[in-house]
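The lines below spell out each chain.
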Amino acid sequence: MKPMNVSTYSCGDTSLGCSCGDCPNSAVCSSSASPAPPKKSSCSVRIGSIKAKCVEVAVAILYVVLVSVFLGWGFFYKKRKTSPVSRTKPLVNVPNGGIIRRVNSRKDENIPMQMLEDVPQITNGVQLSIVQGYMSKFYRRYGTWVARNPVLVLCSSVGIVLVLCLGLVRFQVETRPEKLWVGPGSRAAKEKQFFDTHLSPFYRIEQLIIATIPDTHGKAPSIVTDSSINLLFDIQKKVDAIRANYSGSMVSLTDICLKPLGNDCATQSILQYFKMDPQNYDSFGGLDHVEYCFQHYTSAETCSSAFKAPLEPSTALGGFSGNNYLEASAFIVTYPVNNEIDKEGNGTKRAVAWEKAFIQLAKDELLPLVQSRNLTLSFSSESSVEEELKRESTADAITILISYLVMFAYISLTLGDTSRLSTCYISSKVLLGLSGVMLVMLSVLASVGFFSAVGMKSTLIIMEVIPFLVLAVGVDNMCILVHAVKRQQVELPIEGRISNALVEVGPSITLASLSEVLAFAVGSFIPMPACRVFSMFAALAVLLDFLLQVTAFVALIVFDFLRAEGNRVDCFPCVKVSGSNGDSEQGSHQQKPGLLARYMKEIHAPILNIWGVKLLVICAFGAFTLASIALCSRIEPGLEQQIVLPRDSYLQGYFNNISEYLKIGPPLYFVVQNYNFSSESRQTNQLCSISRCDSNSLLNEIARASLVPESSYIAKPAASWLDDFLVWLSPEAFGCCRKFANGGYCPPDDQPPCCSSTGGSCGLSSVCQDCTTCFRHSDLQNDRPSTSQFKEKLPWFLSALPSADCAKAGNGTYTGNVELKGFEDGIIHASAFRTYHTPLNKQADYVNSMRAAREFSSRMSESLQIEIFPYAVYYTFFEQYLNIWKTAMINLAIAIGAVFVVCLVITCSFWTSAIILLVLTMIVVDLLGIMALLNIQLNALSVVNLVMSVGIAVEFCVHITHAFLVTSGDRNQRMKEALTTMGASVFSGITLTKLVGVLVLCFSRTEVFVVYYFKMYLALVLLGFLHGLVFLPVLLSMFGPPSRCVLIEKQEDRPSTSSQF
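**Q** Describe in detail the overall build of the chain, supporting the description with residues and values.
**A** When helices and strands are tallied, the chain shows 35 helices and 21 strands. Here the chain holds 1061 residues, and 54% of them are scored as buried. Pairs at least 24 residues apart make up 77% of the contacts formed inside the chain by residues separated by at least 6 positions. Accessible area for the chain stands at about 46,900 Å²; split by element, carbon and sulfur atoms hold 59% of it.

Right, dumping it as C-alpha cells:
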C-alpha cells in the first residue's frame, strides 16, 4: 500500500463551484448569515403562576367594568321603583293610514270582574307596521279560503313539490375532495393545473409501514435485522405477484409504476441496496452491506438502486434519531405509481384497480404474516381516503336513520292532546305529525331534485345536515300553527279558528322563514364549493318547507280538526266512535293549555321576573359571551383525517404511524415561470447556486431557509437541474458533456456504446476514443453558455443517463422538472426545483408550511422580479384553511345581517331588530367558545354548522320577540304572555325534538359525526334554548321595545275592527 500523493480541496473552494445543496461551506452559501427564526407575536401576561393571553386579560377587565356599571344601574333602578305607580293606558285615536288589528285577549285572572264590567267600551288593538298589516290582512283572507278548500290546497301544493322531486333521477353525489373544498378561482387549483399541464402530475403513492412493537419501557427495538429484511423480501414477492383485473386485462405493479430510468420501478425500500433481488442478500454481505450503504448510498456503485438512482435511508426507514439508521424501528416501503391529469382516463382506472387489489392483499395476507412475526403493519394507497369516505357515508346510515325516526316519533306525539286518557285516541295527532314530517322531507327532496335537475351534484354534508336543519324549522312551525289553532275559541267555525290562528302567528312564521332563507341564500356567494352548495340547497329547502307549512300543512290541520270533531280515530280516520270527543266539554272558551304552557306561565316566567334573577342572568350570559370571545383565539383551522374516517378504518393506524415514523415531509417544488436563459438576461445567476451565482439567488435562499426549518418548514436545499446542467457542461466535468467528431452527443466511458459490456465487466471500446468535451473555457462567457449553447445542450442533459463517470446527468432525476416546449425562443415557460417539507404531523403544520412557502415565494418573486410559486400535492386541500376564519366571519356576518334586514323591513322596528341581532350574535359567539373548549377545529363542516346555527337560532328568537311586541301590559306581563303563548311551542318544537334526535348520534361509528354533529348540535340546541327561553325573555323584560298593542274605544256605529282584517 502506497500513500496517495494528490492534492485535496475543500468543497468550499471557489474553483470547484459547489452549490449550497452540495456544500454548505460554499462561498456563495456562507456569504450571508442564515435568517433568524421570526419571533411569534403572541402577547401574554403573567399573573403569579398563571400565564394568560393579553386578549383574555383585556376581556376580563372589560367584563368587570361592564358588570360593575350594570349592577350599579340595576340597584339604582330598583331603588327608584320601590313604590309602584299605577299607570293607565291612554285612549288612542288611530291616525289615518295606521293599521289596527283587534285581538281577542284572554281575561287576566288577577283583575276583578267588576273592573272589567266598568269599561265595556274599551278593547285591545295592535298597531302593526305597514308590512305586518298587509300580511295580517292576507293571512285572514287566505286562512278562510284554505279552510274552505283544503283538498285543492293540499293536492296542488304537494303536486308542485312532487314535480320538483322528479329531478332526483339525475341525482349524483360529489365525493372528490378537490371539487368539495377547492373553489374554481382557487390559487392552489390554478397552480396545480399549471404544474400538471406544463411539467407532470405528481405520482400516486402506495405505502407500507412495518414497525416493531415497543417494549414495556416504551423503547422500540431495531427493525434492521436479518429476519425483518427477509420478511420484507417475502412481502415484496407478494406485491409483485398482484394481478388486478381491469376491463379483462391483468394489471401488475410493473405496468403502472414510475420508471425514471430503464425498466425498473422506483420503489423506495432498503431492498434497493440489494437490487430488489433476494439472491443478492447473502452475496452482497447481508446486514454489513446495509450498514455500509447507510453511509455510502450516494457514492458506492453496489449501493445504487435497481432503477440506477441513490436511495436515501431516511426515505425508507423510520423511528430513528439523527443519522442513526441502525436504530430504525420501522421499514417504510413506497411504491410511486404514474399519475394522469385525466382522473377518468384508463391509466387512472388501471391504477385504482391495482390499488384495490393491493389493499385487499394487505388485509388478507400481509397483515397476518407481519403480525405472526410480532410486528405491526399499516398501509395506504392513493385512492384509500376516497374509498373510505364512501364507506363512511354508509357506515352511520342506520344511526342517522334511528335519529330521524326518534324525532319523527316525538313530533307525532307532541302535537296531540293528552289531557284525558279516555279520548286520547281521538285528541292525539299522530297522523298529523307524521304528515307534517313527510312534508318536511318532501321539501328536502324537492330542493335536491331541483338542483339535481339543473346539473348540480349533492354532497354528504347536504344529506346529513339539511334534513336536520329543515326538521328544526319545520317542526317549530308545525307546533306553533297547531298550538295557535288550539288557543282559538272552540265555538268558532273551523274557518274562523284557522283564520285567527294564521293572523296571530303567520307574520312571525313568515319573518323567521324569510330571515333563514335570505341568510342561507347569501351564503351561495362563498367561493368554497361545499359551503356554497349547502347554502343553496338549504335556502331552497327552507323556502319550500315554509310554503308547504302554510299551504299543505294548514290544509292537513283542517282535516285533522274535522276528524276530531267527527269523533274519528287518529291514524284510522275511517273509524268513527260514538260519544263526545271531549272538546265540547271544556266550555265555549279556549282549550285548556298544555303542560308546557302551564309550566311557562306558572313557573318559568315568574322565576325570570325576579329582579335578582334578571341581574344574574344578564351577568352570567355576558360572562360566557366575553369568555367565548377570548377562547376563539384557541380554535385551530383544519380537519384531522382520523376524525373523518370510520373508527375501524385501516387508515387510522396508518396516519398515526406516518406522524410517528416519517422523517421527511412531502415534496415541495418551487416552480419558476418564464425563465429567460438568454445571454442578455441575468436570470440564470439569479436562480443558480454555484460559483458566479448571486448570493441572494433563489437556490441560495432556499438553502438558507433550510437552516431554520422550524419557521420555514423546508427540510433541505433544493435539487437544482440548473446547477447540475451548468456543472455538467463545464470543462471541469470532462466525463459528462462530450461530443463526437461529427458534433453528436458522446456518452460517458462507462455507458454504451463507449463501454462494451461482457460478462458483467465493462471495458473501453474504440468508439469513443475521439470524444472531446463540449466546451473549453474560452467558449463560455463567464462560465455560462450562450443562448444557442444553452438551447443545444439542455436536451442532451435531460436525456443523458447518470453513471459513475458522470452523476450529474439529468435523465430520470429532472425529466419532469423542465418543460422544453417552446424553449427555442430563449424562454423556459415552466421549470421546478424540488426540495422537501419538514415532517408535518398536525393540521396546523400543513397550514403553516403552506403559508411559509407562499410567503417565501412571494418575497423571492418581488426581489428577483421572476414569477415563482410553491407547489405541494396537499396545497389544494389546505388552501381553504389559510382564510377559513375570513370565510366563516363573512358567512356569519352576511347571514346575521340578512336576518336583521328582514326583521327591520317587516317589523319597522330598529329596537326589535337590534335585540334579535344581539341574541343571534351571542349564540354564534358562544358556540365558537364551546368549539374551543371541546377542541373542535374550524373547517367547512363547522362553518356550515355555524351558518346553520343562525337559521335555528332565528326560530328561538323571532317568535318570542314578535309575541312580546304585540302583547299588551308592562314588560314583565308581556314577557310572561310571550312565554306562555310561544315558549311552549318553541321548547317542544325545537329543543326537545332536537335533543332526542341528537342524543342518538353519540352512538355513531364515525368520529366526525360525534364531534361535528352530536357535540356541535347538542351545544347549539342547549345554547338556543338558554338564549331564546332564558336570556331573551329577561332582556325583553328589562330593555324590550314598546308594545304595539293599544287601547281603542269601541264605536257602536262603526263596523268592528276584527271584521276589517
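**Q** I'd like to hear about the side chain of Gln 751, residue by residue, with values.
**A** Looking at the secondary structure, you find Gln 751 in the loop between strand S15 (745-746) and strand S16 (755-758). In this structure Gln 751 touches Leu 801, Pro 802 and Ser 803, once residues within four positions along its chain are discounted.

**Q** An account of the nonpolar core is requested, with residue identities and associated values reported.
**A** Residues Leu 208, Val 239, Leu 698, Trp 721, Trp 728 and Leu 794 are the most contacted members of the largest nonpolar core, which totals 288 residues. Setting aside chain neighbours within four positions, we find Val 239 in contact with Leu 208, Leu 253, Tyr 335, Trp 354, Phe 358, Leu 361 and Leu 366. Counting residues in each nonpolar core, the second largest holds ten residues, with Val 671, Ala 830, Ala 832 and Tyr 871 among its members.

**Q** I'd love a proper account of helix H8 (residues 226-240), names of residues and values included.
**A** Between its terminal C-alpha atoms H8 stretches 21 Å, which fits the 21 Å expected from 15 residues at 1.5 Å a residue. Taken as a whole, H8 has its buried residues at Ser 228, Ile 229, Leu 231, Leu 232, Phe 233, Ile 235, Gln 236 and Val 239.

**Q** Would you mind going over the packing of aromatic side chains in detail, with residue names and values included?
**A** One pass over the structure, following the stated rule, counts 45 aromatic pairs. Between Phe 725 and Phe 797, the ring centres sit 5.4 Å apart and the planes meet at 55°, which makes this aromatic pair tilted. Of the two residues, Phe 725 is situated in helix H27 (residues 721-728) and Phe 797 in helix H28 (residues 787-799); the sequence distance between them amounts to 72 residues. With respect to class, Phe 725 is no different from Phe 797; both count as buried. Between Phe 987 and Phe 1025, the ring centres sit 5.3 Å apart and the planes meet at 55°, which makes this aromatic pair tilted. Placement of the pair is Phe 987 in helix H34 (residues 971-1001) and Phe 1025 in helix H35 (residues 1007-1039), with a sequence separation of 38 residues.

**Q** Please provide a residue-by-residue account of the packing of helix H20 (residues 595-608) against H35, values included.
**A** Packing of H20 against H35 leaves a shortest axis separation of 10 Å and a crossing angle of 60°. One finds that H20 runs oblique with respect to H35. For the pair H20 and H35, the sense of crossing is right-handed. Here H20 contributes Met 600, His 604 and Leu 608 to the contact with H35, which in turn contributes Leu 1029, Val 1030, Pro 1033 and Val 1034. Within the contact of H20 with H35, the residues separate by chemical class into six nonpolar, one polar and no charged.

**Q** Describe in detail the sheet that holds strand S9 (residues 330-337), supporting the description with residues and values.
**A** Taken in spatial order, the four strands line up as S8-S9-S5-S10 in an open sheet, and their pairing is antiparallel. Each of the sheet's edge strands pairs with one partner strand only, and the pair in question is strand S8 (317-318) and strand S10 (375-380). As judged from the eight bridges shared by strand S5 (residues 204-212) and S9, these two strands associate in the antiparallel manner. Each residue of the ladder has a partner; that of Gln 207, found in S9, is Thr 334. Each of S5, S9 and S10 touches H8; the most contacted strand, S9, lies at about 25° to it.

**Q** Residues and numbers for a nonpolar patch on the surface, please.
**A** There is a patch of nonpolar side chains on the surface, built from Tyr 599, Ile 603, Ile 607 and Ile 610 and spanning about 350 Å² of accessible area. Among the structural elements, Ile 603 can be located in helix H20.

**Q** I'd like to hear about the pairing of strand S13 (residues 667-676), residue by residue, with values.
**A** For S13, a buried count of eight out of ten residues is recorded, marking the element as mostly surrounded by other parts of the structure. Pairing analysis gives nine bridges linking S13 to strand S19 (residues 827-836), with the strands arranged antiparallel. Within S19, the residue paired with Tyr 669 across the bridge is Arg 834. As defined by bridge partners, S13 adjoins strand S20 (residues 867-871) across five bridges and the pair is classed as antiparallel. By the bridge assignment for S20, Gln 673 is matched with Glu 867.

**Q** Which residues make up the sheet that holds S15, and what values do they have?
**A** The three strands lie next to each other as S15-S14-S18, forming an open sheet whose pairing is antiparallel. Each having just a single partner strand, S15 and strand S18 (772-773) make up the two edges of the open sheet. Looking at chain direction, strand S14 (residues 738-739) and S15 are connected through two bridges and run antiparallel. Opposite Arg 738, over in S15, you have Cys 746 as the bridge partner.

**Q** Give a description of empty space enclosed by the protein that names residues and reports values.
**A** In total, this model carries four cavities of 30 Å³ or more according to the counting rule given. Within this model, the largest cavity holds a volume of roughly 80 Å³. Taken together, Ile 400, Ser 403, Tyr 404, Met 407, Glu 464, Phe 468, Leu 1001, Phe 1009, Tyr 1013 and Tyr 1017 form the lining of the largest cavity. Within the residue set of the lining of the largest cavity, elements represented by two or more residues are helix H14 (397-414), helix H17 (460-487) and H35. Here the lining of the largest cavity gets four residues from one element, more than from any other, and that element is H14.

**Q** Quick rundown of the environment of Ser 949? Include the residues and the values.
**A** Locating Ser 949 in the fold gives a position in helix H33 (residues 940-965). Take Ser 949: its relative accessible area is 0%, and that puts it in the buried class. C-alpha of Ser 949 to C-alpha of Met 1016: the two residues are 67 residues apart in sequence and 9.5 Å apart in space. Those residues in contact with Ser 949, other than ones at most four positions away along the chain, are Val 924, Leu 927 and Leu 1020. One polar contact links the side chain of Ser 949 to the main-chain carbonyl oxygen of Leu 946, over a distance of 2.4 Å.

**Q** Go over the state of the cysteines, please, and point to the residues and values.
**A** Per the counting criterion, the structure on display carries seven disulfides. The side chain of Cys 257 participates in a disulfide bridge whose partner is Cys 265; the two sulfur atoms lie 1.9 Å from each other. One disulfide, between Cys 257 and Cys 265, carries an S-S torsion of -75° and so falls in the left-handed class. Accessibility classification places Cys 257 together with Cys 265 in one group, the buried group. Cys 737 shares a disulfide with Cys 774; S-S distance 2.0 Å.

**Q** Explain the pairing of strand S12 (residues 572-576) residue by residue, including any values.
**A** On any regular strand, side chains alternate: one points to one face of the sheet, the next to the other face. Counting buried positions over the five residues of S12 gives zero, only a small fraction of the element. Where strand S11 (residues 568-569) lies against S12, two bridges are found, and the strand directions are antiparallel. In the strand pairing of S12, Val 569 is matched with Phe 572. What sits between the antiparallel neighbours S11 and S12 is a turn of two residues, in which Cys 571 has the positive phi angle 75°.

**Q** Give me the packing of helix H5 (residues 150-165) against helix H19 (residues 529-565): which residues, what numbers.
**A** Where H5 meets H19, the closest approach of the two axes is 9 Å, and the angle between their N-to-C directions is 145°. Helix-helix and strand crossings are classified by hand; for H5 and H19 the assignment is left-handed. Contact residues: H5 offers Pro 150, Val 151, Val 153, Leu 154, Ser 157, Val 158, Val 161 and Leu 164, while H19 offers Leu 544, Leu 548, Thr 551, Ala 552, Ala 555, Leu 556, Val 558 and Phe 559. Grouping the amino acids of the contact of H5 with H19 by side-chain chemistry returns 14 nonpolar, two polar and no charged.

**Q** Talk me through unusual backbone geometry; I want residue IDs and the actual numbers.
**A** Here the residue pair Pro 752 and Pro 753 is connected by a cis peptide bond, since its omega of 0° sits within 30 degrees of zero. Counting through the fold element by element, Pro 753 comes out in the loop between S15 and S16. Positive phi, close to 55°, is recorded for Asn 782, a residue that is not glycine. Despite not being glycine, Asp 783 shows a phi value in the positive range, around 65°. With respect to the helices and strands, Asp 783 occurs in the loop between S18 and H28.

**Q** Give a detailed account of the environment of Ala 895, specifying residues and quantitative values.
**A** Relative to the helices and strands, Ala 895 is located in helix H31 (residues 884-907). Classification of Ala 895 by relative accessible area gives buried; the value is 0%. Taking C-alpha positions, Ala 895 is 8.0 Å from Glu 516, a pair spaced 379 residues apart along the chain. What Ala 895 contacts, discounting residues up to four positions off in sequence, is Ala 519, Val 522 and Val 950.

**Q** Run through the side chain of Glu 879, naming residues and quoting values.
**A** Tracing the backbone shows Glu 879 in the loop between helix H30 (875-878) and H31. A distance of 2.2 Å separates polar atoms of two side chains, one belonging to Glu 879 and the other to Ser 186. If we skip the residues at most four places from it in the chain, Glu 879 touches Ser 186, Arg 187, Ala 188, Met 850 and Arg 854.

Rules used in this analysis
- Along each chain, numbering runs from 1 in the same order as the chain's sequence is written.
- The predicted origin of the model limits local features to residues at a pLDDT of at least 70 and limits the giving and counting of side-chain atom pairs to 80 or more, whereas totals for whole chains, interfaces and linings rest on all residues.
- Note that the side-chain values use all heavy atoms of the structure and ignore hydrogens as well as water.
- For helices the rule is a DSSP run of H or I covering at least 4 residues; for strands it is a run of E covering at least 2, with both sets numbered from the N terminus onward.
- Relative accessibility under 20% of the residue-type maximum defines a buried residue, over 50% an exposed one, and the middle range a partly exposed one, all with a 1.4 Å probe and only protein chains included.
- We call two residues in contact when some of their heavy atoms are within 4.5 Å.
- Per-residue accessibility takes into account occlusion by the displayed protein chains alone, with areas from the Shrake-Rupley method and a 1.4 Å probe.
- Only buried residues count toward a nonpolar core. Its members are Ala, Val, Leu, Ile, Met, Phe, Trp, Tyr and Cys residues joined through side-chain atoms within 4.5 Å.
- Here a helix's expected span is defined as the number of its residues, less one, multiplied by 1.5 Å.
- Stacked, edge-to-face and tilted labels apply to pairs of Phe, Tyr and Trp rings (six-membered ring for Trp) whose centres lie within 6.5 Å, assigned for plane angles under 30 degrees, over 60, and everything in between, in that order.
- Axis definition: a line fit to C-alpha positions, over the contact stretch in the case of helices; interaxial angles, taken between N-to-C directions, run 0 to 180 degrees.
- Reported orientations rely on four angle classes, namely roughly parallel under 35 degrees, roughly antiparallel over 145, roughly perpendicular from 65 to 115, and oblique for the rest.
- The sense of a crossing depends on the near helix, which, turned anticlockwise from the far helix by less than a right angle, makes the crossing left-handed and, turned clockwise, makes it right-handed.
- Residue type decides the class: Asp, Glu, Lys and Arg count as charged, Ala, Val, Leu, Ile, Met, Phe, Trp, Tyr, Cys and Pro as nonpolar, and the leftover types, Gly among them, as polar.
- Whether two strands pair depends on DSSP finding at least two bridges between them.
- Here a patch means residues that are over 30% exposed by relative accessible area and free of salt bridges, tied together within 9 Å if like-charged and within 5 Å if nonpolar (Val, Leu, Ile, Met, Phe, Trp, Tyr).
- Only one rule defines a salt bridge in this text: a Lys or Arg side-chain nitrogen within 4 Å of an Asp or Glu carboxyl oxygen.
- Cavities and pockets were defined on a 1 Å grid built from protein atoms only: a cavity is a group of points that admits a 1.4 Å probe but offers it no way out, a pocket is an open group of points flanked by protein on both sides within 12 Å along at least five of seven lines, and a lining residue is one with an atom within 4 Å of any such point.
- Grid points are joined across faces, edges and corners, and a volume is the space filled by probe spheres set on the points.
- What qualifies as a polar contact is a pair of N or O atoms within 3.5 Å, subject to a donor-acceptor requirement within protein and to the restriction that residues adjacent in sequence count only when both atoms come from side chains.
- In this description, a disulfide is simply a cysteine sulfur pair whose atoms lie within 2.5 Å.

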